[in-house]
Amino acid sequence: MSYIEVKEGSKLSVPNNPTIGYIEGDGIGPDISKASISVINAAVEVAYSGNKVIEWKKILAGDEAMEKTGKHLPQESLDEIKKCVIAIKGPLTTPIGEGFRSLNVTLRQYFDLYANVRPVKYFPGVPSPVKNPEKMDMVVFRENTEDLYAGIEWKYDSEEAKKLRWYLKEQFGIKLTDDTGIGIKPISRFKSQRLVRKAIQFALQNHRKSVTLVHKGNIMKYTEGSFKEWGYQLAASEFGDSTITEDEYLKSPGSAGWKVVIKDRITDNMFQQVLTRTDEYDVLATTNLNGDYLSDALAAQVGGLGLAPGANIGDVNAIFEAVHGTAPKYAGMDVANPTSLILSGAMMLNHIGWNEAGEVLDNAVHAAYSEQQVTQDLARQMNVKALKCSEFGNEVIKRMKKIK
Ligand code: NAP
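Presented here is a report on the structure given in the accompanying data block. Every value quoted in this text rests on a predicted model; they were computed, and no experiment measured them.

### Side note on the site of the ligand
Around the ligand, 21 residues are found, and the nearest of them are Thr 94, Gly 325, Ala 327, Lys 329 and Tyr 330. Separating an oxygen atom of the ligand from a backbone N or O atom of Gly 325 is a distance of 2.7 Å. One of the backbone N or O atoms of Ala 327 is found 2.7 Å from an oxygen atom in the ligand. Contact with the protein chains hides 68% of the accessible area of the ligand, taken as 880 Å² for the molecule alone. Looking at side-chain class alone, the shell around the ligand contains nine nonpolar, seven polar and five charged residues.

Printed below as a string of C-alpha cells:
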C-alpha cells in the first residue's frame, strides 16, 4: 500500500496509487458512497488514463462498526484514517448514550480538522426557491473545533450544573434558577485566527474578491466579537499587502486593485444579505454554530442539501463529506442524491493535487444537471423522471470527457 505523506508546511506527497480511506456511513451512506466511489474512479481514469489510481481502504465507523466490533468508532479506524491522511466519509448517525456527542464531531476534534469548508454554487437546471440562484458562489469556512460544539455542557440537575450555578452566584453575583442547564462557548484567538488564515489563503489562491467575517459580536462580545477582532488583526498582520478592509475600500474604491476585501457582518443580517445581495459575498469565515446554520441555508438557495459538498481540513489530515445527514427514510432504497458526496470527492481530488480529475468530475456533474438527469429530490420539483442513486452516478460517468 502506498500512503500519502505530509511534508513540512502541510504539503502532501501523493504517490500515483495512494491509499485513501472511505467510511460508507449509515442510512443512505452505503448507496451514496458506492455511487461516489465509482464516479471518482472514473474521473481519475479519464484524467490520467490509468497512470494514477486510488487504492480504496474501507474503514469501519457507525452502525456497521458497532455490529462488527461492538464500538461505533473503534481505535483501529482512527489509526487507519491517521495512516491514510485523507479519507472520505458518508454520513453517520449520532449514537445516543455512548459517551459520544457525535461521531462526526469526535472525528473533527480527534484529527484537529479545524476548517470545515463548504462551497455553495448553483448548477444550471436545478430548481431553486429563489429568483436568481445563479448569483450564489460562496465558500463557507466554518471553525470546526470549538464554540458550543466543544461539548462543554451540563444538564440542569447534574452535580456540575449545581456547582457552576453556586460558583456564579458566590463569585459574580449571577443568579440562575435551579432548572437551568449550562453550556459553555469557548472561542480562542489561536483557533479563530488559524481558521481566518485558511479562508484568506483560499481567497488569495483562488482569486476571490472578499472574505466576510460572520459573527454575533454585538451580543456575544468576548467570543463572537473577539472572533471578528482577531480576524481583522490577522488579516492586517499576515496579509497586510494583499488585503484591505471594507472601510478602507469604501473610502477609496480604486485602491483595492487585486486585494481581497475583508468585511464583517452580524449573523442575523448575514442571513438576509445572502438572499438580498447574494453576489456581494464570496468567502465567508465564521464560528462553528453560525457556520452550521448558514451553510444549510445557503445550500437551500441552490437546490438543497443533496447538492452540498464539504471538507474537514486540518494541518495534517483531511476528511471529505457531504453536508447532509443519513436521511434514514431513504436508507437502502437507492434513491438518495449522491451529488454532495460526489462533489466532496472533487474537493478531495483537488486537495491532493489531482485537479485534472477534479475538473473532469465537476464538468460531468454540471453536464448531467444541464440535461435534467436528477434524483427524486429534484425530479419531484421539475416534473421529470427520477433516476436512482446508482443510475445518476452512471449518467455522470457517461458525461466524462478528457480535458486538455
Ligand atoms: P438529514 O439526514 O440531512 O436529512 C434531512 C432531509 O434532507 C431528508 O429527509 C431529505 O429531505 C433531505 N436529504 C438529505 N440528504 C439527502 C440526499 N442525499 N438526497 C436526497 N435528500 C436528502 O438530516 P436529519 O434527518 O436531521 O439527520 C439524520 C441523522 O443524520 C441524525 O442522526 C444526524 O445526527 C445525522 N447527521 C449526520 C451528519 C454527518 O454525518 N456529517 C450531518 C448531519 C446529520 P426530504 O425528506 O424532504 O426528502
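### What about the sheet that holds strand β12 (residues 260-266)?
Across the sheet, 11 strands lie side by side as β4-β3-β5-β15-β14-β6-β7-β13-β10-β12-β11; this open sheet has mixed pairing. The open sheet has two free edges, formed respectively by β4 (55-58) and β11 (243-245), since each of these has just one partner strand. Between one strand axis and the next, the sheet turns by 25° as a mean value, whatever way the strands run. Pairing between β11 and β12: three bridges, direction parallel. Looking at β12, one finds that Ile 244 is bridged to Val 261. Sheet strands touched by helix α6 (residues 189-205): β6 (115-121), β7 (137-143), β10 (210-215), β11, β12, β13 (283-286) and β14 (309-313). Its angle to β7, the strand with the most contacts, is close to 160°. Sitting on the sheet, helix α10 (residues 288-301) is in contact with β6, β7, β10 and β13, with an inclination near 155° to β7.

### Notes on the pattern of salt bridges
Taken as a whole, this structure holds 24 salt bridges when the rule is applied. Two residues, Lys 7 and Glu 5, come together in a salt bridge whose shortest N-O distance is 3.6 Å. By relative accessible area, which is 44% here, Lys 7 ends up partly exposed. Between Glu 80 and Lys 83 there is a salt bridge whose closest N-O contact spans 4.0 Å. Taken together, the residues span about one helical turn, with Glu 80 and Lys 83 both in helix α3 (residues 75-84) at a distance of three residues. One connected set of salt bridges, linked through shared partners, spans Glu 24, Lys 58, Glu 64 and Lys 68.

### Points about unusual backbone geometry
Residues other than glycine seldom take positive phi values, yet Asp 147 does so here, at roughly 70°. Here Asp 147 is to be found in the loop between β7 and β8 (153-154). According to the relative accessible area criterion, Asp 147 is buried, its value standing at 0%. With phi around 55°, Asp 334 is a residue other than glycine that occupies positive phi space. Within the secondary structure, Asp 334 sits in the loop between β15 (318-322) and α11 (339-351).

### Side note on the packing of aromatic side chains
A full pass over the atoms with the stated rule returns seven aromatic pairs. On the numbers, 6.1 Å between centres and 75° between planes, the contact of Tyr 167 with Phe 172 is edge-to-face. Where Tyr 369 meets Phe 392, the ring centres are 5.5 Å apart and the plane angle is 50°; that geometry is what we call tilted. Taken as a pair, Tyr 369 in helix α12 (residues 355-370) and Phe 392 in helix α14 (residues 389-398) lie far apart in primary sequence, 23 residues in all. Using a relative accessible area of 1% as the deciding quantity, one classes Tyr 369 as buried. Between the NZ or CZ atom of Lys 52 and the centre of the ring of Tyr 48, over which it lies, the distance is 5.3 Å. Across the ring face of Tyr 149, the terminal group of Arg 142 is positioned such that the distance to the ring centre comes to 5.0 Å.

Rules used in this analysis
Along each chain, residues carry numbers from 1 onward, in the same order as the chain's sequence is written. Reporting of local features is limited, given that this is a predicted model, to residues whose pLDDT is at least 70; pairs of side-chain atoms are given and counted only at 80 or more, and all residues count toward the totals for whole chains, interfaces and linings. The basis for the side-chain values is all heavy atoms of the structure; hydrogens and waters are excluded. Residues are counted as near a molecule or strand when any one of their heavy atoms sits within 4 Å of it. Here a polar contact means two N or O atoms within 3.5 Å. Within protein one must be a hydrogen donor candidate and the other an acceptor candidate, and residues neighboring in sequence count only if both atoms are side-chain atoms. Every accessible area reported is derived by Shrake-Rupley at a probe size of 1.4 Å, with residue values counting cover from the shown protein chains alone. For this scheme, ten residues count as nonpolar: Ala, Val, Leu, Ile, Met, Phe, Trp, Tyr, Cys and Pro. Four count as charged, namely Asp, Glu, Lys and Arg, and the remainder, Gly too, count as polar. DSSP calls a pair of strands paired once it identifies at least 2 bridges connecting them. Think of it this way: any DSSP run of H or I at least four residues long counts as a helix, any run of E at least two long counts as a strand, and we number them from the N terminus. Fitted lines through C-alpha atoms give the axes, limited to the stretch in contact for helices. The angle between two N-to-C directions lies from 0 to 180 degrees. Pairs of residues are marked as contacts when any of their non-hydrogen atoms sit within 4.5 Å. Basic side-chain nitrogens of Lys or Arg form a salt bridge, by our definition, when they fall within 4 Å of a carboxyl oxygen of Asp or Glu. Relative accessibility thresholds used throughout: buried, under 20% of the residue-type maximum; exposed, over 50%; partly exposed, between the two (1.4 Å probe, protein chains only). The aromatic pairing rule takes the rings of Phe, Tyr and Trp, using the six-membered ring of Trp, and pairs them if the centres are within 6.5 Å, calling planes under 30 degrees apart stacked, those over 60 edge-to-face and the rest tilted. Lysine NZ or arginine CZ positioned within 6 Å of the ring centre and within 35 degrees of the ring normal marks a charge as sitting over the ring.

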